[in-house]
Amino acid sequence: MVIKGSCHCKATTFEVSEVPENVTSCTCSFCSKRGSLWAYYTPAQFKLTSPPENVSVYEWGSKTVKHGFCAICGCGTFTRTPDWSTGEPDFDNPRVSVNSRLFDDFDLDKIEVVVIDGKNLW
């Protein structure tokens with residue numbers, strides 16, 4: 001099932017290839033201020049459907065994660081990141097984390113929310 005998503009102004013649009021099993025609420029300083037609920041995909045499962053120049057990127061700290069946001073309205077859209085499932089960055093296994101709050105016509109209330117204590121992990 002393809003799920004489409006978009007920022008507030010619709011200048012940044014994307015698709016993912018399937019419904020997430022769960023979404024993540026991270027408590028780190030960046031994610032908690034952004035308010036995102038992250039759904040994780042492989043790069044092959046994610047497709048940016050708007051022009052890439054509509055996405056700006058924010059990198060902080062180690063510059064390991066590229067946080068995308070709409071260059072027009074500022075909505076946090078997706079990140080390009082290594083897999084962190086072992087606690088260490090796996091650069092050979094990249095992920096795209098998508099702000100699932102931006103899914104269009106999708107009932108996010110039916111998806112389990114998993115809290116990650118990023119405040120104390122990173």
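The structure we're discussing is the one just above.
Rules used in this analysis
- Residues numbered from 1 in each chain as written.
- Predicted model: local features only at pLDDT ≥ 70, side-chain atom pairs only at ≥ 80, totals over all residues.
- Heavy atoms only, no water.
- Helix = DSSP H or I, 4+ residues; strand = E, 2+ residues; numbered from the N terminus.
- Buried < 20%, exposed > 50% of the residue type's maximum accessible area, 1.4 Å probe, protein only.
- Contact = heavy atoms within 4.5 Å.
- Salt bridge = Lys/Arg side-chain N within 4 Å of Asp/Glu carboxyl O.
- Phe/Tyr/Trp six-rings, centres within 6.5 Å; stacked < 30°, edge-to-face > 60°.
- Pairing = 2+ DSSP bridges.
- Axes fitted to C-alpha atoms, helices over the stretch in contact; angles between N-to-C directions.
- Core = buried A, V, L, I, M, F, W, Y, C linked by side-chain atoms within 4.5 Å.

## Here we look at the environment of G68
Okay, step 1: Mapped onto the fold, G68 is located in strand β7 (residues 66–70).
Okay, step 2: Its relative accessible area of 2% is what places G68 among the buried residues.
Okay, step 3: Considered as a pair, G68 and V16 are 52 residues apart in the sequence and their alpha carbons are 16 Å apart.
Okay, step 4: Beyond its immediate sequence surroundings of up to four residues, G68 is in contact with R34, V55, S56, C75, G76, T77, F78 and T79.

## So, unusual backbone geometry
Okay, step 1: The residue K10 is not glycine, and still its phi comes out positive at about 70 degrees.
Okay, step 2: Along the chain, the position of K10 falls in the loop between β1 (3–6) and β2 (13–16).
Okay, step 3: Overall, the relative accessible area of 52% leaves K10 in the exposed class.

## Details of the environment of C31
Okay, step 1: In this structure, C31 sits in helix α1 (residues 29–34).
Okay, step 2: In this structure C31 touches C26, S36 and W38, once residues within four positions along its chain are discounted.

## Considering the pattern of salt bridges
Okay, step 1: Considering all chains together, one arrives at one salt bridge under this definition.
Okay, step 2: A salt bridge links E59 to K66; the shortest N-O distance between them is 3.0 Å.
Okay, step 3: Here E59 falls in the partly exposed class, since its relative accessible area comes to 30%.
Okay, step 4: Classification of K66 as partly exposed rests on a relative accessible area of 39%.

## Regarding the packing of aromatic side chains
The description of two aromatic rings rests on the distance between their centres and on the angle between their planes.
Okay, step 1: Enumeration according to the criterion identifies five aromatic pairs in this entry.
Okay, step 2: Members of the aromatic cluster, connected to one another through ring pairs, are F14, F46, F78, F103 and F106.

## Brief notes about the sheet that holds strand β5 (residues 46–48)
Note: strands within a sheet are paired through backbone hydrogen bonds, in either parallel or antiparallel orientation.
Okay, step 1: With respect to topology, three strands assemble into an open sheet ordered β1-β2-β5, the strand pairing being antiparallel. Each edge of the sheet is formed by a strand with only one pairing partner; in this case those strands are β1 and β5. Between one strand axis and the next, the sheet turns through 20 degrees on average, direction left out of account.
Okay, step 2: Sheet analysis places β1 next to β2, joined by four bridges and oriented antiparallel. Residue pairing in the sheet places G5 in a bridge with F14 of β2.

## Here's the deal with the nonpolar core
Okay, step 1: Residues V16, F46, V98 and F103 are the most contacted members of the largest nonpolar core, which totals 16 residues.
Okay, step 2: For this core, the secondary-structure elements that each account for two or more residues are β2, β4 (38–41) and β9 (90–99).
Okay, step 3: In terms of nonpolar packing, the next biggest core, distinct from the first, is built from five residues, C28, F30, C31 and W38 among them.

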